[in-house]
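Coordinates in review
Each chain, written out:
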Amino acid sequence: MGNIDWDKMDQNAKPPVTEPERQRFFIAKARGYVKEMEKRLGRPLTAAVTTFGCQMNAKDSEKLKGILGQMGYITGKTEEEADFVIFNTCTVRENANLKVYGRLGSLKSWKKDHPHRMIGLCGCMMQEETVVEKLKKSYRYVDLIFGTHNIFRFAELMAQRFESGEMVIDIWEKADQIVEDLPAERKYSFKSGVNIMFGCNNFCSYCIVPYVRGRERSREPEAIQKEIEELVKDGVAEVMLLGQNVNSYGKTLEHPISFAQLLRRIHEIEGLKRIRFMTSHPKDLSDELIQVMQESPKICRHLHLPVQSGSTRILQKMNRRYTKESYLELVEKIRKAIPDISLTTDIIVGFPGETEEDFQETLDVVRKARYDSAFTFLYSKRTGTPAAVLEEQVEETVMKERFNRLLQEVQTISREVCAVHEGSVQEVLVESVSEQDASMITGRLGNNLLVHFPGNREKIGSLIPVKLTKCMGFYYLGEEN
Ligand code: 5AD
Ligand code: SF4
């Protein structure tokens, strides 16, 4: 995307009404303000972006960094030394919220000492009215607040903040458009997340995501394809297709297409080496998807298939729309079709009304599905969700005790599953020089596990066969084959 130079522009010109032209205008305008401040301070301005939560947020933060870079900020600084700090927040569990308030509190004196410093807040937490009320009342020193639907307007809001000198708040209840072609600064040169859809329509009863990320919207397949082609030209070997529920991709498009069809199109992209995706809702996982995975060597043999609970009774209360039996049947079908598949999951412990018997059902699913790994969560009550008003909230000590038992089971099985691949040769995407030993490099297997083996940094970004000589529990040691 071409940059506009603010100094050479008609400064009284009206901003364009269409996107992304409008944002390019405001990037240039904000760049003008940044330059003024640079002159005043006698040095370049710096920014720190802190990300909480999931891969969607990580991707959004890359967009924030891209825009910050074009506004003239040097990114990648620590919060302490930056002139602008932005928190891209998560609200899926309460402790994510608490962390943000904690960090904000400690920034109060940081800002008092240097009043030119600015604080921005965005992401899921900002979509909650009570949060914004609290910020307005008790955190007056925050400069900029926006939500999940208007992240593309970051530059416009920054320009507004520079002009007014006052707190700018812009929260949209829903998204009316998907803005393409804005800048992004990638964390890795060789792999990238790619949004294929936004929002969620499932309304699992514990989950706040549908309220803060809005209804499901899919990107046009052509736009996705174009983005990936450009990424590949830029050296990307692996893409992770991102959506809350990728299996319902494309259903709401003017010309509907299935997720499996999208995968087929992406698989054709020359130069792309690996395709990953997450998250798959078990209720929507189609036979067509299993077939495409079987037929497409670029698609990693990995499925993240959140089960949440093993008890049909609890699953029903969670509004998950599958049973323990149907989930296990699906697992069996997938394993039969793709024997080397790696399965991972999310599990919530302590959903309201969960009894010891319900919990035993969860342990039973864990033993039967034999996950490569599982993310385990303590149930967290989210105001506004149907589950929050259910009576019989599970006592914390009971919840924690169950959580520990579950973790032990999950880890025991993970170790066993991991060891199965010992001795085999697998394709590995080299990601970095090993943190522990500079003569070793670290690569990622298709199943997401890491392997450390002798090598140098020139291999970063390439896909090479590696023999997994020793399983170390949750990672391997290996050697190039
Ligand atoms: N409490 C605990 N875990 C939750 N998750 C979503 N909402 C909650 C909640 N209220 C978990 C689910 C989901 C993952 C991203 O976060 O397991 O799959
Ligand atoms: Fe939340 Fe369920 Fe949607 Fe996942 S599928 S984001 S758990 S509502």
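Where an unreviewed UniProt entry is consulted, the protein appears under the name tRNA-2-methylthio-N(6)-dimethylallyladenosine synthase, with the organism given as Suipraeoptans intestinalis. The annotation that UniProt attaches to the protein under Catalytic activity (unreviewed entry) is "N(6)-dimethylallyladenosine(37) in tRNA + (sulfur carrier)-SH + AH2 + 2 S-adenosyl-L-methionine = 2-methylsulfanyl-N(6)-dimethylallyladenosine(37) in tRNA + (sulfur carrier)-H + 5'-deoxyadenosine + L-methionine + A + S-adenosyl-L-homocysteine + 2 H(+)". UniProt annotates the protein under Subunit (unreviewed entry) with the comment "Monomer."

We now examine the site of ligand 2. In the neighbourhood of ligand 2, the contacting residues comprise Cys200, Asn202, Phe203, Cys204, Tyr206, Cys207, Val209, Pro210, Gln244, His281 and Arg320. Per-class residue counts for the shell around ligand 2 are seven nonpolar, three polar and one charged.

Around ligand 1, the neighbouring residues are Val92, Arg93, Tyr206, Gln308, Asp346, Ile348, Phe377, Leu378, Tyr379, Ser380 and Arg382. Take aspartate 346: an N or O atom from its side chain is 2.7 Å from an oxygen atom of ligand 1. Between ligand 1 and the protein, one listed contact pairs a nitrogen atom with a backbone N or O atom of serine 380 at 2.7 Å. The fraction of the free accessible surface of ligand 1 (400 Å²) that becomes covered by protein chains is 85%. Among the elements of the structure, β12 (342-349) and β13 (373-378) are those that each provide at least two residues to the shell around ligand 1. Grouping the amino acids of the shell around ligand 1 by side-chain chemistry returns six nonpolar, two polar and three charged.

Right, let's get into the nonpolar core. The biggest cluster of nonpolar side chains holds 69 residues, and the ones touching the most others in it are Ile228, Leu241, Phe259 and Phe277. Examining the composition of this core, we find that six residues originate from one element, helix α13 (residues 396-419), more than from any other. Ignoring sequence-local partners within four residues, the contact set of phenylalanine 277 consists of Met240, Leu241, Val246, Phe259, Leu263, Leu289, Met293, Ile299 and Leu303. Among the nonpolar cores identified, the runner-up in size contains 30 residues, and Met9, Ala28, Leu64 and Leu144 belong to it.

Conventions adopted
Residues numbered from 1 in each chain as written. Chains lettered and ligands numbered in written order. Predicted model: local features only at pLDDT ≥ 70, side-chain atom pairs only at ≥ 80, totals over all residues. Heavy atoms only, no water. UniProt positions renumbered as here; feature names shortened; annotations may be inferred. Near = heavy atom within 4 Å. Nonpolar A, V, L, I, M, F, W, Y, C, P; charged D, E, K, R; others polar. Polar contact = N/O pair within 3.5 Å; in protein donor to acceptor, adjacent residues only side chain to side chain. Areas by Shrake-Rupley, 256 points an atom, 1.4 Å probe, with all protein chains shown as cover. Helix = DSSP H or I, 4+ residues; strand = E, 2+ residues; numbered from the N terminus. Core = buried A, V, L, I, M, F, W, Y, C linked by side-chain atoms within 4.5 Å. Buried < 20%, exposed > 50% of the residue type's maximum accessible area, 1.4 Å probe, protein only. Contact = heavy atoms within 4.5 Å.

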